[in-house]
Amino acid sequence: MHAANDPAFGEAISNRLAELAALSDEPGRLTRLYLSPAHRRAIDLVSYWMRDAGMSVRLDPLASVVGRYEAQDGGTQTLLLGSHIDSVRNAGRFDGPLGVVTAIEVVKAAFKSGKRYPFAIEVVAFGDQEGVRFATTLGGSRALAGTFNEKALDELDESTISRREALTAFGCDPSRVAAERRPRDGTLGYVEVHIEQGPVLEKEGLPLGVVTAIDGVSRATIDVEGIAGHAGTVPMAMRHDALAAAAEMLLAIEERARRQPNLVATVGKLEVPRSAPNTIPRRVRFTLDLRSPADAERIKAVEDIKAAIAARRGVTQRLTPGHQAPAAHCDEKLSDLLAAAAENCGAAPRRMPSGAGHDAMAFDKIIPFAMLFVRCRGGVSHNPDEFASPGDIDIAARVLANFLDRIGTP
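Trainee: Would you mind showing me how to read helix α1 (residues 8–21) here?
Mentor: Given 3.6 residues per turn, any residue in an α-helix points the same way as the ones three and four places further on. The end-to-end C-alpha separation of α1 is 20 Å, in line with the 20 Å expected for 14 residues at 1.5 Å each. When α1 is considered as a whole, its buried residues turn out to be F9, G10, A12, I13, S14, R16, L17, L20 and A21. At its buried positions, α1 is contacted by α2 (37–52), α3 (97–112) and α11 (390–407).

Here's what the structure looks like:
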């Protein structure tokens, strides 16, 4: 048992994260996919911890673990806490489980001291945030938001097993997904503790950040077409080199993003089809990923990039839009309460956007949500070297406990 100001919070959470990390579908590395044997073992362990923290526990129709800590007599509203317990392949142990285990430990501290809140708490461990097994992500959180698309039940994994079949075999009843929708007037909000997955907090020497928004995303494929020619016979001034043009475009994209605060641009894949060492490239295809908490600025950047370079280089450029997602803005009141709790615990946080997607974004414009970021070493994530210190985790847990006291105060 530890009180909300006991530094053992960080040690206890770190130890439990290590226990969860041992539950993997692959020997020698952490890979825990949705509805896999390792996911089942993780569900069993998390369920045990929830019961030990005074919660009733159930598995919902999409295999999210829901632990409920009842309110004081007369409390009718519910606060949702949580994150996910699935992983990418060869993952780190903190991405997702940190938010689940921190919430459980904070509730456990309240339970052991006989404390109840004027609202119920549901700690939710989602199982399909990473989207490794099936194409559609955030199914568990979307079910709570009431926006789950039941067509996703017919998606197939690489073994041609549908999500519906996998859920049924797992012991879930996917026909009951709609019943998981949380009522807006009965739900105070959703709060998620998560590692930053970036280097900003570490660089600024801060343990915590309060998230302002989850970035909107614009993805596209850009095709550049020039004229193939002999590497030795076409003078430089007369070339229509698709690869040289693409290289200049990549640098222009980088420069455009550098000029705009909180805009990030990534070219993650580039292909030069039918290329040869002695041939001027005719075609190049590359991907573009733009992210910003400001949708208008992100859309403007896409338009700027469309207009660049091609004409001067004597090539043609075609931009084909792909995945588009608007920014999801955190609730100001919940975020302010988190920031006040952090300051009360001696850890004034940085306000910052999240460039990565999270379960929290599923609640956008439906249920108020907020996120608390925890510093991670080197900004590394989706990697076995992912690490958050017990000291920083301890501060985050104390902030969450203080936040619960604040949200319960009229």
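Trainee: Sorry if this is basic, but what is going on with α2 here?
Mentor: Relative to the 22 Å expected for 16 residues at 1.5 Å per residue, α2 spans 23 Å between its end C-alpha atoms, a close match to the ideal helical length. Listing the buried residues of α2 in full gives A38, H39, A42, I43, L45, V46, S47, W49 and M50. Immediately beyond the C-terminal end of α2, within one or two residues, lies G54, with a positive phi of roughly 85 degrees.

Trainee: What am I meant to see in the packing of aromatic side chains here?
Mentor: We describe a pair of aromatic rings using the distance from one ring centre to the other and the angle between the two ring planes. By the definition in use, this model includes six aromatic pairs. Residues Y117 and F119 carry aromatic rings whose centres are separated by 5.5 Å and whose planes lie at 20 degrees to one another, so their mutual orientation is stacked. Taken as a pair, Y117 and F119 share a single burial class, namely buried. Taken together, F126, Y190 and F363 form an aromatic cluster joined through their ring pairs.

Trainee: It is not clear to me how the pairing of strand β16 (residues 369–374) should be interpreted in this structure. Could you clarify?
Mentor: When a strand is regular, its side chains alternate between the sheet's two faces. For β16, a buried count of six out of six residues is recorded, marking the element as mostly surrounded by other parts of the structure. Along β16, one buried face is formed by F369, M371 and F373 and the opposite face, lined by A370, L372 and V374, is buried too. Of the strand pairs in this sheet, strand β5 (residues 187–195) and β16 are connected by six bridges, and their pairing is parallel. The residue of β16 that forms the bridge with H194 is F373. For strand β6 (residues 208–214) and β16, the ladder comprises three bridges, and the chain directions are antiparallel. Looking across to β16, one finds that L208 is bridged to V374.

Each value, and the rule that gives it
Residues numbered from 1 in each chain as written. Predicted model: local features only at pLDDT ≥ 70, side-chain atom pairs only at ≥ 80, totals over all residues. Heavy atoms only, no water. Helix = DSSP H or I, 4+ residues; strand = E, 2+ residues; numbered from the N terminus. Expected span 1.5 Å × (residues − 1). Buried < 20%, exposed > 50% of the residue type's maximum accessible area, 1.4 Å probe, protein only. Contact = heavy atoms within 4.5 Å. Phe/Tyr/Trp six-rings, centres within 6.5 Å; stacked < 30°, edge-to-face > 60°. Pairing = 2+ DSSP bridges.

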